[in-house]
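The primary structure of each chain is shown beneath.
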Amino acid sequence: MSGLVTVEAARSSVLSSCRPLGAVQVRLADALGLVTARAIISGEAVPSFANSSMDGYALRAADVAAGPARLRVVGQLMAGDDPGAVAVRDGEAVRIMTGAALPDGADAVCMVEHTRAKDGWVLIEEAVGPGTNVRRPGEDIAAGEEVFAAGESLGPAHIGVLASLGVAQVHVFPRPRVGVVSTGDELVVGLGPLAPGKIRDSNRPGLLARLRTDGFQPVDLGWAGDEPGALAHALGQAAESCDAVLTSGGVSVGDRDFVKVVLEELGGQQARWWQVAVRPGKPFAFATVPPRSAPVFGLPGNPVSALVSYEMFARPALRLMAGHHSLERPRLLAVAVSDMRRQPDGRLHLVRVSVKTGPRGLEARPSGGQGSHQLRALAAANALALLPDGDGVAAGEKIEVWVLDLDGLTP
Ligand code: AMP
Ligand code: MG
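Presented here is an overview of the structure given in this document. Computed from a predicted structure; not experimentally measured.

### As for the site of ligand 1
Not every one of the 16 residues close to ligand 1 is listed here, only the nearest: Glu186, Asp201, Ser202, Gly250 and Gly301. Contact distances for ligand 1 include 2.5 Å between an oxygen atom and a side-chain N or O atom of glutamate 186. A distance of 3.4 Å separates a nitrogen atom of ligand 1 from a polar backbone atom of asparagine 203. Isolated, ligand 1 exposes 480 Å² of accessible area, and the fraction of that covered by the protein chains is 76%. Split by residue class, the shell around ligand 1 holds three nonpolar, nine polar and four charged.

Written as structure tokens, this is what we have:
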């Protein structure tokens, strides 16, 4: 055992053993949430031609420079029409719709609300300066410009931008494939009544769901029991078929806690088994396992500890593998709505809290029972409050919270 370590020390040790995965090319439709491995240069300008930003009349600004003027309507252009067929000369206007290409000769658009049309003529009621209501070519993106740098995380608007440029494929870091293995002879496989002493597996479904939510590719590798030989076989295979592996259970000091032993066998010198100065989530094992040095995260068995330990160690490491630069959840300050007392024990306490905006700004209140087996309070929480070693905080004091769900901050 390597002794008691801080969360930060254990996390940096884990991160130093992980590398971004090799870049791949994917279809744009599959790139949401992935990180660019190369800069993306635009091959086209957006917009690619001058067009109207309003429904109205395309005209020559010089014709209306002195104020209201009557112009002869010589044609119309709908969005998508080829503008080659019409041109605007002195004293003329063309009826034009939003997105339609500006006809030759025109240099401005008067919005329809400021016009009156009758019998082939239109009264332009106000002066319109050159360039008014015209979207210039390249106004959003110029051809040859760097649109996104390497390391950019692709959200829905990025996908839209790339689609507007006609990009079909992008070079990105792939979504890590992450296997999840449960251990524990007490787990029943499948549904049906529980035999005496048995429990249902909540860690594997919970972790698989968490991985999916976080944008990784979850792989359900089933259950491996507590027999060291079978565990070694299962974890060896998992490390071969996946980019990373999560296990739950078997890393504490019980007589059947063999995950840490097996990880030491598989990972050799580099394997770690820590007692982390945190609650929940104290025991944690980690190794990189041949043949591909896949990181294996030996998460604790208690359901809350498994998910919290994942947050502290696995999620940042998996984000690093996925090419992200920002690895951490946002940390915000909130007001404790009630006393949050604790005993000094040399550990950081993470309290499951519900954080909402309220009269005092962000307000945090414990979301239920704080035992590491009480998963319901984690379901009711959208953040973890950080209570440093000591005796806690009083109502009204500020605390730092790790936000797990930003959407949940509104009341
Ligand atoms: P362990 O560290 O293996 O002794 O597990 C600690 C606690 O977590 C025990 O109460 C286990 O029964 C429980 N546990 C382990 N794995 C799971 C699981 N997959 N789902 C629910 N509880 C579990
Ligand atoms: Mg166990």
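After presenting the structure, the write-up continues.
### Observations regarding the pairing of strand 14 (residues 169–173)
As paired strands, strand 2 (residues 24–27) and strand 14 are joined by four bridges and run antiparallel to one another. From the neighbouring strand, arginine 27 faces strand 14, where its bridge partner is glutamine 169. The sheet contact formed by strand 3 (residues 35–36) and strand 14 spans two bridges and is antiparallel. Note that in strand 14 the partner of valine 35 across the bridge is phenylalanine 173.

### Some details on the environment of glycine 138
Its place among the elements puts glycine 138 in the loop between strand 12 (134–135) and strand 13 (146–148). Linking glycine 138 and serine 48, residues 90 residues apart in sequence, is a C-alpha distance of 6.3 Å. Ignoring any residue separated from it by four or fewer positions in sequence, one finds glycine 138 in contact with Ala45, Val46 and Pro47.

### Comments concerning the environment of alanine 85
With respect to the secondary-structure elements, alanine 85 resides in the loop between strand 7 (69–77) and strand 8 (92–96). We classify alanine 85 as exposed; its relative accessible area is 76%. Spatially, the C-alpha atoms of alanine 85 and glycine 75 are 9.0 Å apart, while their sequence positions differ by ten residues.

Here is what the cut-offs are and how they apply
Residues numbered from 1 in each chain as written. Chains lettered and ligands numbered in written order. Predicted model: local features only at pLDDT ≥ 70, side-chain atom pairs only at ≥ 80, totals over all residues. Heavy atoms only, no water. Near = heavy atom within 4 Å. Polar contact = N/O pair within 3.5 Å; in protein donor to acceptor, adjacent residues only side chain to side chain. Areas by Shrake-Rupley, 256 points an atom, 1.4 Å probe, with all protein chains shown as cover. Nonpolar A, V, L, I, M, F, W, Y, C, P; charged D, E, K, R; others polar. Pairing = 2+ DSSP bridges. Helix = DSSP H or I, 4+ residues; strand = E, 2+ residues; numbered from the N terminus. Contact = heavy atoms within 4.5 Å. Buried < 20%, exposed > 50% of the residue type's maximum accessible area, 1.4 Å probe, protein only.

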